[in-house]
Amino acid sequence: MLYQMNKLKQYLSGFWFSLPVQLFLLHFRRYQVFLVFWYILFSTVASGFMRTFGADSLFLAPEYFGKINLLSTAIVGFALGIFIMSWNITTFILFSKYFRFLATTAQPFLKYCINNAVLPLIFLVFYFVKAVAYARYQQLFGTAEIVWMVLGFAAGIILSILIAFAYFFGADKTIYRSMASVIDTANVHYALAAKNNPLPKDKAEMRIDWFFSARLGLRKPRDVRHYSLIFLDTVFKRHHFAAVIAITIAFFFLIGIGYISDARLFQLPAAASITVFFAILIAAAGAISTFLHSWSIPVVVVLYLLVNFLYQKEIIDLRNKAYGLNYSDTTERPVYSRESVMQLANDKDIGSDKKTYIRMLDQWKAKQGSDKPVMFLINTSGGGIRSATFTMNALQQLDSMFGGELMKRTFLISGASGGMLGAAYFRELYYRKQKGANINLHDKQYVEDISNDLLSPLFSSFVTRDLMGPAKPFMKHGYRYTKDRGYAFEQKLNENTRGYLNKTLSEYKAPEEKAEIPLIFLTQ
């Protein structure tokens, strides 16, 4: 019994002081900022983070070319592989002092990734369970379709990781070839000396009893105290340099994508763009921590204050623009203040607005065929594509209940965000039908139109163009603007709505005044 207890204690001790377990715990002790990205991914997939905006569906049902299939999940898998490798590279650089024995082995980065796989594997299993359940019970996909999507995701992430390992395997061979003779000689001398004068037990900062080898075998870590710290650091620095080159290549690749991100082919699923964005942030945070050490936080604060100053002085301007307004001439720009707003709310203007709306009400009443008509006022809530889809579907159902006269009886539509997209699209369809277009307002294709993906081009543009890519100017209404995420959003919205909403506000002035369509008040 005592022997069995000792064996159990030995196994438990070996498990606890294994490199995979100690690395997993190390992430909670050092540089916890990197865990924020994992938390966001876990929370999003679990339908917790930004659920009301449909953030979970971006990961659980990724769209590419408007479809959820093997290709769309493969792209997300490939992007998640980039995120995992960026996390591995960054933490490998930051944590190398805790496992210096890896510097004396072949392929130290590969061994690190294998032993650092606990957190990624937990997430991948969690993601798999959630994605399959979502595809079956929310998207109503069949077993064969789900299998193909799972295979696509697996192929994407495996391909991404294999490309990274192929690069680092070549770098490892070059590094180890140049260092092998030094390592072998030192090991021989140490083995001979240790027989007569063994070194005392090492009191390392992080105790490691065993780790997984490249072939997933169990190995005990080598005592490296007979190596100079300069030598061990040199080995790691060469690997760090290879990692920096890999990140640099990825950086310039994203810049290149920014030049051609208008092409639909490069409008990746939103989940893929988000994970690539996280990978960039992890690499940037790791670079700051590596080179600045304790100066990291002060430098970040100074950079934040500098960017904020440049933004306030309009030296840099990251705001989305309303096309048709002149932003270049600051001298004629209206002053936005309480005083200027109150000047517009004078008795003369209020009286003029009142007369305008009374005329509009009279126009509306004249079309109702009753002395005391019932006025409909419609309010929609925000909530992204979900709200837009719900609003369009609800308006179609209500219109069928009122014999196709819902818009005729409605004087005002107000709301915000996604709900207003659905309402504006329905109003435009009604207006076109009134003008003679062959439109069935109750056609479910219009629900499909407004429910199509809007976020993929937005996030693709944000990552490849807004953050790091080239500024691509274009002309609109005689003014010069920059293609950004707002531009990508508007282009995709016009595509989804058949170009029907590609209008200026002034084009609705006359039909609203004639009560041909309801007024729209967009709030925030």
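Attention here is on the structure that accompanies the text. Every value quoted in this text rests on a predicted model; they were computed, and no experiment measured them. (Residues numbered from 1 in each chain as written. Predicted model: local features only at pLDDT ≥ 70, side-chain atom pairs only at ≥ 80, totals over all residues. Heavy atoms only, no water.)

## Re the sheet that holds strand β3 (residues 376-380)
To keep it simple, the criterion reads: The rule for pairing is simple: two strands pair if DSSP sees at least two bridges between them. Secondary structure elements follow DSSP: runs of H or I no shorter than four residues count as helices, runs of E no shorter than two count as strands, and numbering proceeds from the N terminus. Throughout, an axis means a line fitted to C-alpha atoms (over the contacting stretch in the case of helices), and angles, computed between N-to-C directions, take values from 0 to 180 degrees.
One open sheet accounts for three strands, arranged β3-β4-β7; its pairing is parallel. Looking along the sheet, the strands with just one partner apiece sit at the ends: β3 and β7 (519-522). Shown here is a sheet whose adjacent strand axes are inclined to one another by a mean of 15°, direction ignored.

## Regarding the side chain of Q368
So the rule is basically this: For every residue, the accessible area obtained with a 1.4 Å probe (protein chains only) is divided by the maximum for its type, and the residue is called buried under 20%, exposed over 50%, and partly exposed between those limits. Within 3.5 Å is the distance limit for a polar contact, defined as a pair of N or O atoms, with the added protein rule that one can donate a hydrogen and the other accept it, and that residues adjacent in sequence qualify only through two side-chain atoms. We call two residues in contact whenever any of their non-hydrogen atoms come within 4.5 Å of each other.
Among the structural elements, Q368 can be located in the loop between α13 (347-366) and β3. What makes Q368 buried here is its relative accessible area of 17%. Of note is the side chain of Q368, whose polar atom sits 3.0 Å from the backbone oxygen of W364. Q368 has contacts with P373, K408 and R409, leaving out every residue within four places of it along the chain.

## Some thoughts on the pairing of strand β6 (residues 479-482)
Sheet analysis places strand β5 (residues 473-476) next to β6, joined by four bridges and oriented antiparallel. Across the sheet, residue P473 finds its bridge partner in β6, namely T482. Taken together, β5 and the strand that follows it, β6, pair antiparallel across an intervening segment of two residues, in which H477 is found at a positive phi of about 55°.

## Considerations on the environment of H477
Within the fold, H477 resides in the loop between β5 and β6. The exposure class assigned to H477 is partly exposed, which follows from its relative accessible area of 47%. Taking the C-alpha atoms as reference, H477 lies 9.6 Å from N326; in sequence the two are 151 residues apart. Not counting chain neighbours up to four residues away, the residues in contact with H477 comprise Y323, G324 and T504.

## Comments concerning unusual backbone geometry
With phi around 55°, S417 is a residue other than glycine that occupies positive phi space. Here S417 shows up in helix α16 (residues 417-434). With relative accessibility at 44%, the residue S417 sits in the partly exposed group. Unusually for a residue other than glycine, A515 sits at a positive phi of about 60°.

## Quick notes on the packing of helix α3 (residues 33-45) against helix α5 (residues 70-95)
For clarity, the cut-off: Convention used here: angles under 35 degrees read as roughly parallel, angles over 145 as roughly antiparallel, angles from 65 to 115 as roughly perpendicular, and any remaining angle as oblique. Two helices that cross are described as forming a left-handed crossing if the nearer one is turned anticlockwise from the farther one by less than a right angle, and a right-handed crossing if clockwise. Basically, the charged four are Asp, Glu, Lys and Arg, the nonpolar ten are Ala, Val, Leu, Ile, Met, Phe, Trp, Tyr, Cys and Pro, and anything else, Gly included, counts as polar.
For the pair α3 and α5, the least separation of the axes is 11 Å and the interaxial angle reads 160°. Comparing their axes, α5 and α3 come out roughly antiparallel. Of the two possible hands of crossing, α3 and α5 adopt the one that is left-handed. Here F34, F37, W38 and L41 of α3 come into contact with α5, specifically with L80, F83, I84, W87, T90, T91 and L94. Its residues assigned to classes, the contact of α3 with α5 shows nine nonpolar, two polar and no charged.

## Considering the nonpolar core
Put simply, the rule is: Put simply, buried Ala, Val, Leu, Ile, Met, Phe, Trp, Tyr and Cys residues joined by side-chain atoms within 4.5 Å make one nonpolar core.
Within the largest apolar cluster, 61 residues are counted, with the highest numbers of intra-cluster contacts made by W38, L80, F83, F99 and Y127. Broken down by secondary-structure element, the contributors of at least two residues to this core are α2 (19-29), α3, α4 (55-60), α5, α6 (108-115), α7 (118-137), α8 (143-196) and α10 (270-292). Per-element tally for this core: the top contributor is α5, with 13 residues.

## Description of the packing of aromatic side chains
Note the threshold: Any Phe, Tyr or Trp ring, taking Trp's six-membered ring, that has another such ring centre within 6.5 Å forms a pair; planes under 30 degrees apart are called stacked, those over 60 apart edge-to-face, and the others tilted. Any Lys NZ or Arg CZ that is within 6 Å of a ring centre and within 35 degrees of that ring's normal is treated as a charge sitting over the ring.
Scanning the entire structure with this criterion turns up 24 aromatic pairs. Ring centres of Y31 and F95 lie 5.9 Å apart, and the angle between their planes is 40°; on these two criteria the pair is classed as tilted. One end of the pair, Y31, is in the loop between α2 and α3; the other, F95, is in helix α5, with 64 residues separating them in the sequence. Three or more aromatic residues link up through ring pairs in this structure, and these residues are W38, F42, F83, W87, F123, F126, Y127 and F153. It is K321 that lies over the ring of Y327; its NZ or CZ is 5.6 Å from the centre. Above the plane of the ring of Y508 lies R427, whose end atom (NZ or CZ) is 4.6 Å from the centre.

## Observations regarding the packing of α5 against α7
In contact at an axis separation of 11 Å, α5 and α7 are set at 160° when each is read in the N-to-C sense. Classed by the angle they form, the pair α5 and α7 counts as roughly antiparallel. As α5 runs across α7, the sense of the crossing is right-handed. Packed against α5, whose contacting residues are V76, L80, I84 and W87, the element α7 presents L119, P120, F123, L124 and Y127 at the interface.

## Remarks on the pattern of salt bridges
Keep this limit in mind: Salt bridges, as used here, are contacts in which a Lys or Arg side-chain nitrogen is within 4 Å of a carboxyl oxygen on Asp or Glu.
This structure, assessed with the given rule, holds nine salt bridges. Between K492 and E495 there is a salt bridge; the shortest N-O distance is 3.3 Å. Of this pair, K492 and E495 both sit in helix α19 (residues 485-496), three residues apart, which is roughly one turn of that helix. On the basis of relative accessible area, E495 is assigned to the partly exposed category, the value being 41%. Where salt bridges share partners, they join E428, R432 and K503 into one cluster.

## Some details on the pairing of β3
Only one face of β3 is covered, namely the one carrying F376, I378 and T380; the face carrying L377 and N379 has none of its residues buried. Relative to strand β4 (residues 410-415), β3 runs parallel, the two being bridged by five bridges. The partner of L377 across the bridge, within β4, is L412.

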